Amino acid sequence: MGGLLEGKKVLVTGVLDRRSIAYSIARISQEQGADIALSSFGRAANLTRRTAKRMDPEPPVLELDVNKPEDIKSVAEDLSERWGRLDGLVHAVAFAPEDALGGNFLSAEWPSVAMALQTSAYSLAALATGLKDLMEPGSSIVGLDFDASVAWPAYDWMGVAKAAMESTARYLARDLGEKGLRVNLVSAGPLKTLAASGISGFEEIEGVWGRQAPLGWKATNPEPVGRAVASLLSDWWPATTGEIIHVDGGYHAMGSPIK
Ligand SMILES: NC(=O)c1ccc[n+]([C@@H]2O[C@H](COP(=O)([O-])OP(=O)(O)OC[C@H]3O[C@@H](n4cnc5c(N)ncnc54)[C@H](O)[C@@H]3O)[C@@H](O)[C@H]2O)c1
């Protein structure tokens, strides 16, 4: 039987190591029959290439700093030559400087905030716009979200960036709908990745999550998120766009426990 993504060409950004959410997405997409390309940038690319070697077949790793328009352009050219089209784009990129996270909300200055917003929210639009001409009706863009409807400990300006990303995804869904492109987000529970370990105080959230999520939650297992993203890349959500799917053990649907 064919896989969910048989024959699809998918670009997965954001793979660093095997803990990366994007690694699960890439691995599961391959298992489901997709051809995958990864992207990484600067010094991180060595780590990404090492991770890519663990995949079968080993995917190419394209140079892509999402904040560099020239990188987006050359990725579009590469994919056009390589595949002639793109069926799926996974945005799994986020960054905020240290002074914009971890309890520094009131003291963070604009250059750090701007960096967080550009890398973590605007980049979804920059990438989608730069690659849209390779995408045919039915293609899918998926980004990774952390629930931005409330304020969290330590998440600070990254939380604001996620709120901007949620809105960006809705506007992209509006403007790319006429081309038949879908734009959706998966809102994940907390996962122990390199990016998460850079947010001091974020681990506080993990314990609460595990206790309060009706299905429970394992911060060491990105597989459920990987599966959801792979399914959104498939043809099985043909009428869904501008949506946020929670893959968080059900945590978002619960009220606070009464102390
Ligand atoms: N870990 C969590 O708890 C959690 C929860 C919900 C959502 N997310 C989101 O999942 C996504 C992936 O993060 P992760 O937790 O797997 O961590 P990760 O550290 O494995 O991945 C973050 C990626 O962003 C990339 N990146 C940073 N700046 C970039 C730039 N300028 N250009 C290109 N790439 C850049 C890094 O190279 C890295 O590959 C992020 O959007 C993150 O916000 C994470």
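Check the entry above for the structure.
What counts and how
Every chain is numbered independently, its residues counted from 1 as its sequence is written. Where local features are concerned, this predicted model is filtered to residues with pLDDT of at least 70; where side-chain atom pairs are given and counted, the filter is 80 or more; whole-chain, interface and lining totals use all residues. Calculated side-chain values reflect all of the structure's heavy atoms, with hydrogen atoms and water omitted. Buried and open spaces are told apart on a 1 Å grid over the protein atoms alone, a cavity being a set of points where a 1.4 Å probe fits but cannot get out and a pocket being an open set with protein on both sides within 12 Å along at least five of seven lines. Residues with an atom within 4 Å of a point are the lining residues. Grid points are joined across faces, edges and corners, and a volume is the space filled by probe spheres set on the points. Runs of H or I in DSSP of at least four residues are treated as helices and runs of E of at least two as strands, each being numbered from the N terminus. Any residue that is not Ala, Val, Leu, Ile, Met, Phe, Trp, Tyr, Cys, Pro, Asp, Glu, Lys or Arg is counted as polar, Gly included; the first ten are nonpolar and the last four charged. Every helix has an expected span of 1.5 Å times one less than the residues it contains. The quantity called bend is, for any residue, the angle between two axes fitted respectively to the seven residues ending at it and the seven beginning at it. Exposed residues in this analysis have more than 50% of their type's maximum accessible area, buried residues have under 20%, and partly exposed residues fall in between, with area computed by a 1.4 Å probe over protein chains only. Counting rule for charge: Lys and Arg are taken as positive, Asp and Glu as negative, and neither His nor the chain ends is counted. For this analysis, a salt bridge means a side-chain nitrogen from Lys or Arg found within 4 Å of a carboxyl oxygen belonging to Asp or Glu. We call two residues in contact when some of their heavy atoms are within 4.5 Å. What makes a residue near a molecule or strand is one non-hydrogen atom of that residue sitting within 4 Å of it. We define a polar contact as two N or O atoms separated by no more than 3.5 Å, with the added condition that, inside protein, one atom must be a possible hydrogen donor and the other a possible acceptor, whereas residues neighbouring each other in sequence contribute only through side-chain atom pairs. Note on areas: Shrake-Rupley, 1.4 Å probe, and residue coverage restricted to the protein chains presented here. Cavities and pockets are treated as containing a molecule whenever more than half of the molecule's atoms lie within 2 Å of their grid points.

**Student:** Could you clarify how one ought to interpret the layout of surface pockets in this entry?
**Tutor:** Empty space among the atoms becomes apparent when a probe as large as a water molecule is rolled across them. Reported here for the largest pocket is a volume of approximately 1100 Å³. As for the largest pocket, its lining consists of 42 residues, and the residues nearest its centre are Ala 92, Val 93, Ala 94, Phe 95 and Ala 195. Looking at the lining of the largest pocket, the elements that each hand over two or more residues are α1 (21-31), β2 (35-40), α4 (110-131), β5 (140-145), α5 (156-176) and α6 (194-197). For the lining of the largest pocket, the leading source of residues is α6, giving three residues. Of the residues contributing to the lining of the largest pocket, the split by class is 27 nonpolar, ten polar and five charged.

**Student:** Hey, could you run me through α4 in this one?
**Tutor:** At 3.6 residues per turn, the α-helix brings residues three or four places apart onto the same side. Taking 1.5 Å of rise per residue, 22 residues should cover 32 Å, and α4 covers 29 Å from first to last C-alpha, within 8% of that figure. Approximately 50° is the largest bend angle found in α4, and it occurs at Tyr 122.

**Student:** For this particular structure, what's the right way to read the side chain of Asp 147?
**Tutor:** Relative to the elements of secondary structure, Asp 147 occurs in the loop between β5 and α5. For the buried Asp 147, no salt bridge is present, and the opposite-charge side chain at shortest range is Arg 170, 9.5 Å distant. Setting aside anything within four residues of it in sequence, one finds Asp 147 in contact with Trp 152, Glu 166, Ser 187 and His 252.

**Student:** Mind showing me how you'd approach the site of the ligand here?
**Tutor:** Within the structure, the ligand sits among 28 residues, and Ser 20, Ile 21, Lys 162, Leu 191 and Thr 193 are positioned closest to it. One nitrogen or oxygen atom from the main chain of Val 66 is found 2.9 Å from a nitrogen atom belonging to the ligand. Within the side chain of Thr 193, a nitrogen or oxygen atom sits 2.5 Å from an oxygen atom of the ligand. Here the ligand loses 94% of its free accessible area of 830 Å² to cover by the protein chains. The cavity where the ligand resides is the largest pocket. Of all elements in the fold, only β5 and α6 reach the threshold of two or more residues within the shell around the ligand. Considering each element in turn, the shell around the ligand owes the most residues, three residues, to α6. Of the residues contributing to the shell around the ligand, the split by class is 19 nonpolar, six polar and three charged.

**Student:** Help me understand the pattern of salt bridges in this model?
**Tutor:** A side chain with one charge can pair with a side chain of the opposite charge if their charged atoms come near. With the rule as written, the count across this model stands at twelve salt bridges. Here Asp 35 and Lys 9 are joined by a salt bridge, their closest N and O atoms 2.6 Å apart. With a gap of 26 residues between them, Asp 35 in strand β2 and Lys 9 in strand β1 (residues 9-13) connect regions that are remote in the sequence. Put simply, Arg 227 and Glu 223 hold a salt bridge, and the shortest N to O gap is 3.2 Å. You can see Arg 227 and its partner Glu 223 sitting in helix α8 (residues 223-233), four residues apart, about one turn around the helix.

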